[in-house]
Amino acid sequence: MHAWLCETPTGVDALTWKELPTPQPGKGQVLVRVQAASLNFPDLLIVQNKYQIKPELPFVPGSEYAGMVEAVGEGVTHLQPGQMVACVSGTGGFGTHALAPAKLCMPLPPGFAAADAAAFIMIYATSHHALIDRGQLKSGETVLVLGAAGGVGMSAIQIAKLAGAKVIAAASTDEKLAFCKQLGADEIINYSTQDLREQIKALTDGQGPDVIYDPVGGPFTEPALRSIAWRGRHLVVGFAAGDIPAIKINLALVKGASIVGVFWGDFARREPEANATMMAELARWYTEGKIKPLIDTQMPMADLKAAYARMDARAVKGKLVLVNP
């Protein structure tokens, strides 16, 4: 097999494409021949040693991928060689083969394209867990989605609309906002050229959004939180802007608002039955055509460094997927 190996977590430039022995699955594992892998923001942080999970060196990055099961280890009964799966194992996806815990692999129904599957679990699971579970989103409420043209933003727009919400999408360019309108956003804000608070006020008749979906952090969190509706829920999803904001906690008090942490990975680990029920619903929505990841670009696995550069430049709308021949 071949894979991108991280031996020194000093950044993307330190990754090397190497030939490695093809492993055999151990107890509870499957060997997956990777057909497609998506690039997510944590995949950038992890090779920079900035992610909360720090794998033992050396490691192969690539948290999310899809492909065909080639072999199964002891105790694996729900997956068989030849079966198509999507996996979120944290690492391992940027190669031709990957070992994955079988419990972290989702069997794919017929007709689920590998590129879509590789771009599916992390973003849709995060957004479903955030909006439906943690945010308790109700039909008729208003959702503000920050970073709305990225992968999790895309999925948040689609799921919020399915839930019957009004969606305000905020992003950094008019091109990205046109993409958000294509996804179904009702209103848009360009926070590079417009005042975020003033636009939120104008678009909500001064009431503010009931739910704020915030995967961005940085300078956008505080003005969004200051604009939240009474009893609003500010969902802390991530910090793509780079800076973790320091928030004055009295902002939650004066609006009767909740600041809610969203950590889908630990939810899946701690509440596996609830997660399985959620994933089954998401898979059903996909087969019914209600949700679908929009793929910005498909690139050869060998072009991983160029893919990282595109992500780092905030040039991706939707998802970026790497494919093996």
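Below is a short write-up of the structure. If you're wondering where the values come from, they're calculated on a predicted model, not measured in any experiment. (Residues numbered from 1 in each chain as written. Predicted model: local features only at pLDDT ≥ 70, side-chain atom pairs only at ≥ 80, totals over all residues. Heavy atoms only, no water.)

### Some details on the overall build of the protein
- Across its full length, the protein carries 11 helices and 15 strands.
- A globule of 325 residues ought to have a C-alpha radius of gyration of about 20 Å, and the protein, at 20 Å, matches this closely.
- In terms of overall dimensions, the protein has C-alpha extents of about 60 × 40 × 35 Å along its principal axes.
- A burial count over the protein gives 51% of its 325 residues as buried. (Helix = DSSP H or I, 4+ residues; strand = E, 2+ residues; numbered from the N terminus. Rg over C-alpha atoms; globule rule 2.2 N^0.38 Å. Buried < 20%, exposed > 50% of the residue type's maximum accessible area, 1.4 Å probe, protein only.)

### Thoughts on the packing of helix α4 (residues 151-162) against helix α5 (residues 174-183)
- Between α4 and α5, the least distance of the axes is 9 Å, while the angle of their chain directions is 30°. Where α4 crosses over α5, the handedness of that crossing is right-handed. Each of Met154, Ile157 and Gln158 in α4 lies in contact with α5, whose residues at this interface are Phe179, Cys180 and Leu183.
- Along the lines of polarity and charge, the residues of the contact of α4 with α5 split into five nonpolar, one polar and no charged. (Axes fitted to C-alpha atoms, helices over the stretch in contact; angles between N-to-C directions. Left-handed = near helix turned anticlockwise from the far one by under 90°. Contact = heavy atoms within 4.5 Å. Nonpolar A, V, L, I, M, F, W, Y, C, P; charged D, E, K, R; others polar.)

### Remarks on the pattern of salt bridges
- A full pass over the atoms with the stated rule returns 14 salt bridges.
- Salt-bridge contacts for Glu7 lead to Lys18; the nearest nitrogen and oxygen are separated by 3.1 Å. Of this pair, Glu7 sits in the loop between β1 (2-5) and β2 (16-19) while Lys18 sits in strand β2, and the two are 11 residues apart along the sequence.
- We note a salt bridge from Glu141 to Arg233, for which the minimum N-O separation is 2.8 Å. One end of the pair, Glu141, is in the loop between α3 (121-134) and β8 (142-146); the other, Arg233, is in strand β12 (residues 233-236), and 92 residues separate them in sequence. The exposure classification of Glu141 matches that of Arg233, with both residues buried.
- Here the salt bridges do not stand alone but share partners, grouping Glu281, Arg284, Glu288 and Lys290 into one network. (Salt bridge = Lys/Arg side-chain N within 4 Å of Asp/Glu carboxyl O.)

### Regarding the nonpolar core
- Core analysis: the biggest nonpolar cluster contains 52 residues, and Phe120, Leu131, Ile157, Leu235 and Leu282 have the highest contact counts within it.
- Top element by residues in this core is α3. It accounts for seven residues.
- When sequence neighbours within four positions are dropped, the list of residues in contact with Leu235 reads Ala130, Leu131, Arg134, Gly135, Val211, Ile212, Tyr213, Asp214, Val260 and Val262.
- Core analysis: the next-biggest nonpolar cluster, separate from the first, contains 39 residues, Met1, Ala3, Val47 and Val69 among them. (Core = buried A, V, L, I, M, F, W, Y, C linked by side-chain atoms within 4.5 Å.)

### Examining the environment of Ile157
- Structurally, the position occupied by Ile157 is in helix α4.
- Taking the relative accessible area as the measure of exposure, Ile157 reaches 0% and is therefore buried.
- A C-alpha to C-alpha distance of 25 Å links Ile157 and Leu45, two positions 112 residues apart in sequence.
- Not counting chain neighbours up to four residues away, the residues in contact with Ile157 comprise Val145, Ala148, Val167, Ala169, Cys180, Leu183, Gly184 and Ala185.

### Examining the pairing of strand β3 (residues 29-39)
- The element β3 is extensively covered by neighbouring structure, given that eight of its 11 residues are classed as buried.
- Taken together, the five bridges between β3 and strand β6 (residues 97-101) define a ladder with antiparallel strand orientation. Directly across from Arg33, in β6, lies its bridge partner His97.
- Of the pairings in the sheet, the one linking β3 to strand β4 (residues 64-72) comprises eight bridges and is antiparallel in character. Bridge pairing links Ala37 to Tyr65 in β4.
- Direction of pairing for β3 relative to strand β15 (residues 319-323): antiparallel, over a ladder of four bridges. (Pairing = 2+ DSSP bridges.)

### A word on unusual backbone geometry
- Of note, the bond from Leu57 into Pro58 is cis; its omega dihedral lies within 30 degrees of zero at -10°.
- Tracing the chain through its elements places Pro58 in the loop between α1 (41-47) and β4.
- At Gln136, a position not held by glycine, the phi torsion is positive, near 50°.
- In this structure, Gln136 sits in the loop between α3 and β8.
- Even without being a glycine, Asp205 presents a positive backbone phi close to 55°.
- Along the polypeptide, Asp205 turns up in the loop between α6 (196-203) and β11 (211-214).

### Let's talk about the packing of aromatic side chains
- On inspection of all chains with the given rule, the structure shows seven aromatic pairs.
- Judged by centre distance (6.3 Å) and plane angle (85°), the rings of Phe94 and Tyr308 are edge-to-face. Remark: Tyr308 occurs in helix α11 (residues 304-312) and Phe94 occurs in the loop between β5 (84-88) and β6; sequence separation between them is 214 residues. Accessibility assignment for this pair places Phe94 and Tyr308 in one class, buried.
- Aromatic pair Phe112 and Phe120: ring centres 5.2 Å apart, planes at 85°, arrangement edge-to-face. As far as burial versus exposure is concerned, Phe112 and Phe120 are alike and both buried.
- Site record: aromatic cluster; members linked through ring pairs are Phe112, Phe120, Tyr124 and Tyr286. (Phe/Tyr/Trp six-rings, centres within 6.5 Å; stacked < 30°, edge-to-face > 60°.)

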